[in-house]
Structures are given as C-alpha cells and as structure tokens.
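Geometric and topological summary
Now for the letters of each chain:
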Amino acid sequence: MKRLSNADPLEDSKMSFGEHLEELRSALWKAVIALFLGFLVGLLLGNHFIEFVKAPLVETLNQLDQQRGENDYAQENGKASESDKHFTKEGYVRERFILDPQSLIETLRGVGVSIEPPEELPEQMDLWVWRPADQQQLIAIGVQDVFTVYIKASLVVGAVLASPFIFYFLWSFVGAGLYPHEKRYVHIFLPFSIGLFLLGATAAFYIVLKYVLVFLLGFNEWLGIEAMPRINEWLGFVLILPVMFGLAFQLPLVMLFLDRIGVVTTKMYVEYWRYAVLIIFILSTILTPADPQSLLAMAGFLTPLYFGGILLCKYLPKGQASFAERLDS
C-alpha cells in the first residue's frame with residue numbers, strides 16, 4: 001500500500017457538523033421557496049388538475065355500473081343481441097323498471113289515451129331502458145371540502161412544477177458532503193433522478209391505479225354496497241400512490257450511486273439479492289395503501305429495477321475510482 005503524503009488533497013472538502021446543518025437548512029429553504037412559487041402557479045391550474053385526477057375513478061365507476069346492468073339483463077333475458085352490443089359499446093347502460101300494468105292503464109286513461117286492456121293482465125311488466133353511463137359523480141360532504149381539495153390540487157401541481165428545482169437543491173446538499181471527485185455524480189444523476197420519479201408516478205397513475213380501483217370497488221359490487229367516493233378522500237388516495245412509486249423508482253439510481261462512491265459493491269448486490277427482494281416487499285407494504293394489488297404492483301416493478309441496478313453497476317463505465325479504491329491501490 002502506498003503511503004499518503006502529509007498534505008491531504010481532500011482536506012479542503014471536509015465540512016464540520018455545523019456546516020452540514022447549515023447546508024441542509026439552506027437546501028430546505030430553497031426547496032420550500034421553489035415549492036411556494038410552484039404553488040402560486042398551481043392556483044391557476046388547480047381546477048384542471050382536479051378534472052384530471054377524477055377521470056380514472058369516474059371511468060371505473062361507469063364501467064362497473066355498465067357491467068352491473070349487463071349482468072342483470074343477462075340473468076333475466078339471456079344473451080344480448082347485436083343491437084344491444086352496439087348500445088353497450090356507445091357507453092349506454094340498461095336499467096330495469098318494474099311496472100304495474102293496471103296502474104299504467106289508468107295513468108294512460110287519465111291523460112286521454114283510449115286503451116282496451118286484455119282480459120288477463122300480468123301482475124307486473126319489466127321495462128328495460130337504455131341510459132348514458134356517464135352519470136357517476138364524486139361527492140363533497142363538508143362545506144370546506146371543495147376548497148380544501150382545490151388547495152391540495154394546487155399544491156400538487158406546484159410540487160410537480162418545482163420538482164426539478166427541489167431535486168437539484170436536495171442533490172446539492174448530498175454533493176456538499178462528498179469528495180470533489182465524487183461530486184460530479186450529482187450532476188450526472190440529477191436528470192435521471194427526475195426522470196425516474198416521473199416514470200414511477202406515470203406508471204402508478206396510468207397502469208397500477210386502474211387495477212387497484214377495480215379490485216377495491218369490486219368489493220362494493222360483491223357486497224351490494226353503492227360506492228359514493230368523496231373527492232377529498234379520493235385526492236389523498238390518488239396522490240400517495242404516484243408519489244410513493246416515484247420515490248421507489250429511484251432504487252437503481254441509489255444503487256449505482258452507492259456503488260460509485262464505494263459504500264456498496266456490485267458483488268454485495270448479487271450475493272444478497274434474496275434479502276433485497278424481501279426488503280422490497282416489506283417496503284412495498286409500507287409505501288402503498290392497504291390493498292394487495294398496489295403492494296404486488298410496486299414489488300413487481302421494483303424487483304426488476306433492482307436487477308437493472310445491478311446491471312448498471314456492472315456495465316456502466318466508471319470514471320475516476322472511488323476514494324476507498326484509491327486508498328487500497
């Protein structure tokens with residue numbers, strides 16, 4: 001092992017505990033300011049965002065309502081005709097009305113319609129009516145619910161708009177505690193970090209959320225309980241899932257970062273992959289709502305991402321060796 005000279009070239013990069021706290025305070029304040037400015041812009045776009053997040057729930061409720069009508073009709077009348085399939089495809093739902101023939105005749109006579117009923121009237125008549133399926137609505141119980149939802153939506157829009165700056169400030173704080181030759185990883189990883197966060201949030205909103213909704217609302221259909229979701233509760237649910245997925249998708253980048261600064265080696269990732277998968281399932285339980293669909297979805301995404309992180313560590317070209325490797329050389 002080569003002897004290090006008395007003049008440590010990394011001496012200037014050392015920071016005291018107080019200086020680290022000051023860097024953290026500065027990074028957090030800058031992130032809060034960026035979030036506040038994004039929130040001001042979000043106040044102009046909050047109503048559009050609410051319509052955006054309502055769409056998956058309303059669509060799923062409409063589909064379940066349509067399926068319920070089709071099942072009821074099939075039990076009474078058998079297989080649907082081609083014209084029935086056309087109405088279904090156009091988004092219409094069957095609804096059953098039970099009529100009393102005698103009351104119907106009396107009503108018609110009351111409005112001047114002359115009608116001669118048959119000698120034997122059935123006890124009841126089934127009338128199936130097509131109606132549009134887009135009648136599902138979210139409700140707000142409290143007087144302040146709508147205002148609270150609007151503020152939350154504006155805050156979320158602001159957080160999305162400010163996310164590049166927030167990530168930059170937080171990664172800058174991480175970089176302040178690294179050696180000079182390691183700080184370049186911050187500038188390399190920052191755009192990938194933002195991209196992975198947006199990829200995870202998009203996957204959760206457009207892929208996972210649909211299956212979670214079908215699974216959860218399926219219990220309402222099974223138990224015969226009408227679902228009337230509150231917009232406030234729905235917004236909280238629809239936000240936590242994409243955010244948690246966005247954070248979880250940072251996994252391969254964190255793995256690569258720890259490998260490049262010498263904290264963990266690629267060999268350790270390979271040797272302990274079974275423990276890593278177990279930890280992934282435990283974290284998925286913590287980070288997702290209390291339903292098996294979202295848990296399995298997150299674990300299903302993170303497990304390939306873990307092995308993708310191993311491939312990144314193994315095949316992505318290295319620049320300068322880490323400080324630990326330089327000491328061992």
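Scroll up for the structure.
Residues numbered from 1 in each chain as written. Predicted model: local features only at pLDDT ≥ 70, side-chain atom pairs only at ≥ 80, totals over all residues. Heavy atoms only, no water.

**Some words on the overall build of the protein chain**
The number of helices and strands found in the protein chain is eleven helices and two strands. In sequence order, the protein chain lays out its α and β elements as α-α-β-α-β-α-α-α-α-α-α-α-α. For the protein chain, the residues scored as buried account for 36% of the 329 residues in total. Carbon together with sulfur atoms contributes 65% to the accessible area of the protein chain, which is approximately 20500 Å² in total. (Helix = DSSP H or I, 4+ residues; strand = E, 2+ residues; numbered from the N terminus. Buried < 20%, exposed > 50% of the residue type's maximum accessible area, 1.4 Å probe, protein only. Areas by Shrake-Rupley, 256 points an atom, 1.4 Å probe, with all protein chains shown as cover.)

**Quick look at the environment of Pro229**
You can see Pro229 is positioned in the loop between helix 5 (184–223) and helix 6 (231–248). For the pair Pro229 and Ile139, spaced 90 residues apart in the sequence, the C-alpha separation amounts to 6.4 Å. Sequence-distant contacts of Pro229, defined by excluding residues within four places in its chain, comprise Leu57, Leu61, Leu138 and Ile139. (Contact = heavy atoms within 4.5 Å.)

**Describing the packing of aromatic side chains**
If you walk through the whole model with that rule in mind, you get twelve aromatic pairs. Ring centres 6.5 Å apart and planes at 40° place the aromatic pair Phe245 and Phe249 in the tilted group. The buried category is assigned to Phe245, whose relative accessible area is 0%. Taking 5.6 Å as the distance between ring centres and 50° as the angle between the ring planes, the aromatic pair formed by Phe249 and Phe301 counts as tilted. (Phe/Tyr/Trp six-rings, centres within 6.5 Å; stacked < 30°, edge-to-face > 60°.)

**With respect to the packing of helix 7 (residues 251–260) against helix 10 (residues 292–315)**
Contact pair helix 7 / helix 10: the axes reach a minimum separation of 8 Å and the direction vectors enclose 30°. With respect to helix 10, the axis of helix 7 lies roughly parallel. Of the two elements, helix 7 crosses helix 10, and the hand of that crossing is right-handed. Each of Leu251, Pro252, Met255, Leu256, Asp259 and Arg260 in helix 7 lies in contact with helix 10, whose residues at this interface are Leu302, Leu305, Tyr306, Gly309, Ile310, Leu312 and Cys313. By residue class, the composition of the contact of helix 7 with helix 10 is ten nonpolar, one polar and two charged. (Axes fitted to C-alpha atoms, helices over the stretch in contact; angles between N-to-C directions. Parallel < 35°, antiparallel > 145°, perpendicular 65-115°, else oblique. Left-handed = near helix turned anticlockwise from the far one by under 90°. Nonpolar A, V, L, I, M, F, W, Y, C, P; charged D, E, K, R; others polar.)

**Re the environment of Ala227**
In this fold, Ala227 is placed in the loop between helix 5 and helix 6. Take Ala227: its relative accessible area is 17%, and that puts it in the buried class. In this structure, Ala227 is in contact with Leu61, Leu217 and Asn220, ignoring residues within four places of it in sequence.

**Some words on the layout of surface pockets**
Using a probe with the size of a water molecule, rolled over the atoms, empty space left in the structure can be pinpointed. The volume enclosed by the largest pocket comes to roughly 730 Å³. Around the largest pocket, the lining is made up of 25 residues, and of these Val156, Val160, Phe197, Ala201 and Val243 lie nearest the centre. Secondary-structure elements contributing two or more residues to the lining of the largest pocket are helix 1 (17–77), helix 4 (145–176), helix 5 and helix 6. Here the element with the most residues in the lining of the largest pocket is helix 4; it accounts for nine residues. The residue inventory of the lining of the largest pocket, partitioned by class, reads 22 nonpolar, three polar and no charged. (1 Å grid on protein atoms, 1.4 Å probe; cavity = no way out; pocket = protein on both sides within 12 Å on 5 of 7 lines; lining within 4 Å. Points joined across faces, edges and corners; volume = space filled by probe spheres on them.)

**Brief notes about a nonpolar patch on the surface**
On the surface, Trp29, Val32, Ile33, Phe36, Leu37 and Leu40 cluster together into a nonpolar patch covering about 620 Å² of accessible area. Here Leu40 is to be found in helix 1. With relative accessibility at 39%, the residue Leu40 sits in the partly exposed group. (Patch = residues over 30% accessible without salt bridge, like charges linked within 9 Å, V, L, I, M, F, W, Y side chains within 5 Å. Salt bridge = Lys/Arg side-chain N within 4 Å of Asp/Glu carboxyl O.)

**Some thoughts on the packing of helix 9 (residues 273–287) against helix 10**
Where helix 9 meets helix 10, the axes come as close as 9 Å, and the angle between the chain directions of the two elements is 145°. Crossing handedness for the pair helix 9 and helix 10: right-handed. In this structure, helix 9 contributes Trp273, Ala276, Val277, Ile280, Phe281, Ser284, Thr285 and Leu287 to the contact, and helix 10 contributes Leu295, Leu296, Met298, Ala299, Leu302, Thr303, Tyr306 and Phe307. The residue inventory of the contact of helix 9 with helix 10, partitioned by class, reads 13 nonpolar, three polar and no charged.

**Considering the nonpolar core**
Counting residues in each nonpolar core, the largest one holds 56 residues, and the members touching the most others are Phe49, Leu209, Trp234, Val238 and Phe245. Elements with a contribution of two residues or more to this core: helix 1, helix 4, helix 5, helix 6, helix 7, helix 9 and helix 10. At 13 residues, the largest contribution of residues to this core is made by helix 5. Core analysis: the second largest hydrophobic core is formed by five residues, Ala34, Ala162, Ile166 and Phe169 among them. (Core = buried A, V, L, I, M, F, W, Y, C linked by side-chain atoms within 4.5 Å.)

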